[in-house]
Amino acid sequence: MTTTPDPAKQPPAPQVWPTLRAHDARALIRFLVEALGFEETVVHGDGDRVDHAQLSWPEGGGVMLGSVREEADPLTGPTPPGAFSAYVVTADPDAVHARAKAAGADITTDLHVTDYGSRDFAARDPEGNRWYFGTYAGEPR
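Residue numbers restart at each chain and count upward from 1, following the sequence in its written direction. The model is predicted, so local features are restricted to residues of pLDDT at least 70 and side-chain atom pairs to those at 80 or more, both for listing and for counting; the totals for chains, interfaces and linings are taken over all residues. Based on all heavy atoms of the structure, the side-chain values leave hydrogens and waters out of the count.

Colleague: How should the sheet that holds strand β5 (residues 85–89) be read in this particular structure?
Modeller: Note on sheets: strands pair through backbone hydrogen bonds, and any given pair is parallel or antiparallel. When DSSP finds two or more bridges between a pair of strands, those strands are recorded as paired. Working definition: helices are DSSP H or I runs of at least four residues, strands are E runs of at least two. Numbering for both runs from the N terminus. The strand order β5-β8-β7-β6 describes an open sheet built from four strands, whose pairing is mixed. A single partner strand is all that each edge strand has here, and the edge strands are β5 and β6 (106–113). Looking at each pair of strands side by side, their axes are set apart by 15° on average, direction ignored. Pairing of β5 with strand β8 (residues 130–134) involves five bridges; the strand directions are parallel. If you follow Val89 over to β8, its bridge partner there is Gly134. The strands touched by helix α2 (residues 93–102) are β6, β7 (119–124) and β8; relative to β6, the strand with the most contacts, the crossing angle is about 160°. For helices, the axis comes from a line fit to the C-alpha atoms of the stretch in contact; other axes are also lines fit to C-alpha atoms, and the angle between any two N-to-C directions lies between 0 and 180 degrees. In what follows, residue pairs with any heavy atoms lying within 4.5 Å of each other are defined as contacts.

See below:
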């Protein structure tokens, strides 16, 4: 059964904050800001260590990240570096794609239109995490 979306309903404001760890968190922050367009909101830590960072996505939401902690239990602790993936909603995937390519990002899936009408592409960051960008903002509730 197909339902017609109610034009008065809108997707909710983003409130899920994905978290990840990095071997070189400061380099990952630079990549996410320079190549993909995240905004550095706050970074706490000394030297190369990042205890907590918040990077905001200009269109809403964001991610939190920090440096790998060697004492963390891999079975109960945060996701290990390179094991993270996220879908990031953007109204202009072509501009994000162009920025990522110009910065030398590893584009793993080029721009395309999905079978559900979203314009998407995918890239991998220097830690091996997978980032998907597209116009699909979720179904209205």
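We are not done yet, so read on.
Colleague: Please explain the pattern of salt bridges as it appears in this structure.
Modeller: A side chain of one charge can pair with a side chain of the opposite charge when the charged atoms of the two come close. Every case where a carboxyl oxygen of Asp or Glu lies within 4 Å of a side-chain nitrogen of Lys or Arg is listed as a salt bridge. In this structure the tally under the stated criterion is four salt bridges. Among the ionic pairs, Asp46 bridges to Arg49, the shortest N-O distance being 3.6 Å. To sort residues, take the accessible area from a 1.4 Å probe on protein chains only and compare it with the maximum for the residue type: under 20% means buried, over 50% means exposed, and anything in between is partly exposed. Judged by its relative accessible area of 40%, Arg49 is partly exposed. Overlapping salt bridges, with partners in common, bring together Asp46, Arg49 and Asp51 in one network.

Colleague: What's the story with a nonpolar patch on the surface in this structure? I'm lost.
Modeller: Together, Tyr87, Val89, Tyr116, Tyr132 and Tyr136 make up an exposed nonpolar region whose accessible area comes to about 450 Å². When its relative accessible area of 31% is taken as the criterion, Tyr136 is described as partly exposed. Residues with no salt bridge and a relative accessible area higher than 30% make up the patches, which join like charges within 9 Å and nonpolar side chains (Val, Leu, Ile, Met, Phe, Trp, Tyr) within 5 Å. Accessible surface area values rest on a Shrake-Rupley calculation with a 1.4 Å probe, where residue burial reflects the displayed protein chains alone.

Colleague: How do you make sense of the sheet that holds strand β4 (residues 62–67) when you look at a structure like this?
Modeller: Overall, mixed pairing links the four strands, which are arranged β1-β4-β3-β2 in an open sheet. Each edge of the open sheet is held by one strand with a lone partner, namely β1 (19–22) and β2 (39–44). Taken pair by pair, the neighbouring strands of this sheet meet at an average axis angle of 20°, ignoring direction. The sheet contacts of helix α1 (residues 25–34) involve β1, β2, β3 (52–56) and β4, and relative to β4 the element is tilted by about 155°.

Colleague: How do you make sense of the side chain of Asp120 when you look at a structure like this?
Modeller: By the secondary structure assignment, Asp120 is in strand β7. Although Asp120 lies buried, it forms no salt bridge, and the closest oppositely charged side chain, Arg119, sits 8.5 Å away as judged by the N-O distance. In the analysis that follows, any N or O atom pair within 3.5 Å is treated as a polar contact, provided that within protein one partner can donate a hydrogen and the other can accept it, and provided that, for residues neighboring in sequence, both atoms belong to side chains. Only 2.5 Å separates the side chain of Asp120 from the side chain of Ser118, close enough to count as a polar contact. Discounting chain neighbours no more than four positions away, the residues touching Asp120 are Tyr87, Asp110, Leu111, His112, Thr114, Phe133, Gly134 and Thr135. All tallies of charge rest on Lys and Arg as positive and Asp and Glu as negative; His and the ends of each chain are not included.

Colleague: Can you help me understand the pairing of β4 in this one?
Modeller: Consecutive side chains along a regular strand alternate between the two faces of the sheet. Among the six residues that make up β4, five are buried, leaving the element largely enclosed by the rest of the structure. By the bridge criterion, four bridges tie β1 to β4 in an arrangement that is parallel. Residue pairing in the sheet places Leu20 in a bridge with Leu65 of β4. Here β3 runs beside β4; their pairing, made up of four bridges, is antiparallel. From the neighbouring strand, Ser56 faces β4, where its bridge partner is Gly62.

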